[in-house]
Amino acid sequence: MNYHHIEQLPENNSVWQETLNWQPTSQQIEQFQKLYELIIIGNQKLNLTRIINPEEFWEKHLWDSLRGIKFILENQINLPEEKKVIDIGTGAGFPGLPVAITLPQYTLTLVDSTRKKISFIETILADLNIKNVLTITNRVEQIGRLFQYREIYDIALLRAVAPTVVCAEYALPLLKIGGIAILYRGNFTTDEKANLPEVVKLLGGKIETIEEFKTPLSDSIRNCIYLRKVGKTPINYPRPVGVPTQKPLRDVKNL
Ligand code: SAM
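Residues numbered from 1 in each chain as written. Predicted model: local features only at pLDDT ≥ 70, side-chain atom pairs only at ≥ 80, totals over all residues. Heavy atoms only, no water.

*Asks:* Any chance you could break down the overall build of the chain for me, citing the residues and the numbers?
*Replies:* From N to C terminus, the chain includes eleven helices and seven strands. For the chain, whose C-alpha radius of gyration is 18 Å, the value lies close to the compact-globule estimate of 18 Å for 255 residues. Taken along its principal axes, the extent of the C-alpha atoms in the chain is 60 × 35 × 35 Å. With the model as given, the accessible surface of the chain reaches about 12,000 Å², and the carbon-plus-sulfur share is 49%. Charge-centre separation for the chain: the mean point of 30 positive side chains lies 8 Å from the mean point of 28 negative side chains. (Helix = DSSP H or I, 4+ residues; strand = E, 2+ residues; numbered from the N terminus. Rg over C-alpha atoms; globule rule 2.2 N^0.38 Å. Areas by Shrake-Rupley, 256 points an atom, 1.4 Å probe, with all protein chains shown as cover. Lys, Arg positive; Asp, Glu negative; His and termini not counted. Charge placed at Lys NZ, Arg CZ, Asp CG, Glu CD.)

*Asks:* Describe the nonpolar core, and please don't skip the residues or the numbers.
*Replies:* Formed by 50 residues in total, the largest nonpolar core has its most connected members in W16, L35, F57, L66, I69, L108 and L157. Broken down by element, this core gets its largest block of residues, seven residues, from helix α2 (residues 26-46). Excluding residues that lie within four positions of it along the chain, W16 makes contacts with E11, N21, W22, Q23, P24, F32, W58, L62, W63 and L66. Counting residues in each nonpolar core, the second largest holds 30 residues, with V111, A168, A181 and V200 among its members. (Core = buried A, V, L, I, M, F, W, Y, C linked by side-chain atoms within 4.5 Å. Buried < 20%, exposed > 50% of the residue type's maximum accessible area, 1.4 Å probe, protein only. Contact = heavy atoms within 4.5 Å.)

*Asks:* Can you tell me about the packing of helix α1 (residues 13-20) against helix α3 (residues 54-67), naming the residues and giving the values?
*Replies:* The N-to-C vectors of α1 and α3 enclose an angle of 30°; their axes lie 11 Å apart at closest approach. In this structure, α1 meets α3 at a crossing whose hand is right-handed. Contact with α1, carried on its side by V15, W16, T19 and L20, involves W58, L62, W63, L66 and R67 of α3 and no other residues of that element. Residue composition of the contact of α1 with α3, by class: seven nonpolar, one polar and one charged. (Axes fitted to C-alpha atoms, helices over the stretch in contact; angles between N-to-C directions. Left-handed = near helix turned anticlockwise from the far one by under 90°. Nonpolar A, V, L, I, M, F, W, Y, C, P; charged D, E, K, R; others polar.)

*Asks:* An account of the site of the ligand is requested, with residue identities and associated values reported.
*Replies:* Around the ligand there are 16 residues in total, and G89, F94, D112, V140 and R159 lie nearest to it. Between the ligand and F94 there is a distance of 2.7 Å, counted from a nitrogen atom to a backbone nitrogen or oxygen. Between the ligand and V140, the relevant distance is 2.9 Å, taken from a nitrogen atom to a main-chain nitrogen or oxygen of the residue. Protein burial of the ligand: of its 600 Å² of free accessible surface, 78% is covered by the chains. When its residues are assigned to classes, the shell around the ligand shows five nonpolar, six polar and five charged. (Near = heavy atom within 4 Å. Polar contact = N/O pair within 3.5 Å; in protein donor to acceptor, adjacent residues only side chain to side chain.)

What follows is the structure, encoded as structure tokens:
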């Protein structure tokens, strides 16, 4: 396949406006299109995503990535200076790459444990001339236990990485006090809600809000869970590699 056969993404400017009170610039539209083309090409070798149709890519990869940061986009006028953002388990770069394109004044660190995914992202960064992204190939439990990454980020993003309590254990140690973790989820079950407040509290956070909404083209249900870091995370979290998923904190008695 070459570039010429890849379809155009829909612009959907009125949808951006109505749902996020924001619209991409022409340069951002070009970058989104190029990102789409590179993912389609990369997908032939790397099996990065099953979402290849342009409308679906727009909705499930672009719109969904930016819906999580709606509260920032809505306040673009008083946009704060720089912020440090970490995208944990970024895969092919979601939600981190659309966020980096949208907020060039922020610095994004994209983390994944799979070397080939991070190598692919590095080719995208060069092709799109994206300057505000750093990459790390490592398990996030490892990163969270290293002094130089602890409590330095303003925002942590996690989409489709692990159960909610596990995401909380990955994200909260990395956040500054006052920072926010944004957990992108499909359905958010009652089962997942159980114990979440206690687990988040143990890790130095609180549940700020949970937003349930539908995606604008296909009406699919989504949830974004916002966790605020309010105190220091005890030094024993995150637990060593693999433990957060093998023994999720919700199963630990007497938290
Ligand atoms: N966030 C992307 C998205 O929504 O399209 C990718 C989701 S994919 C289902 C989950 C990704 O998280 C995989 O690329 C996997 O390698 C990564 N991952 C899972 N657990 C991880 C961990 N403990 N540390 C680092 N990366 C992890």
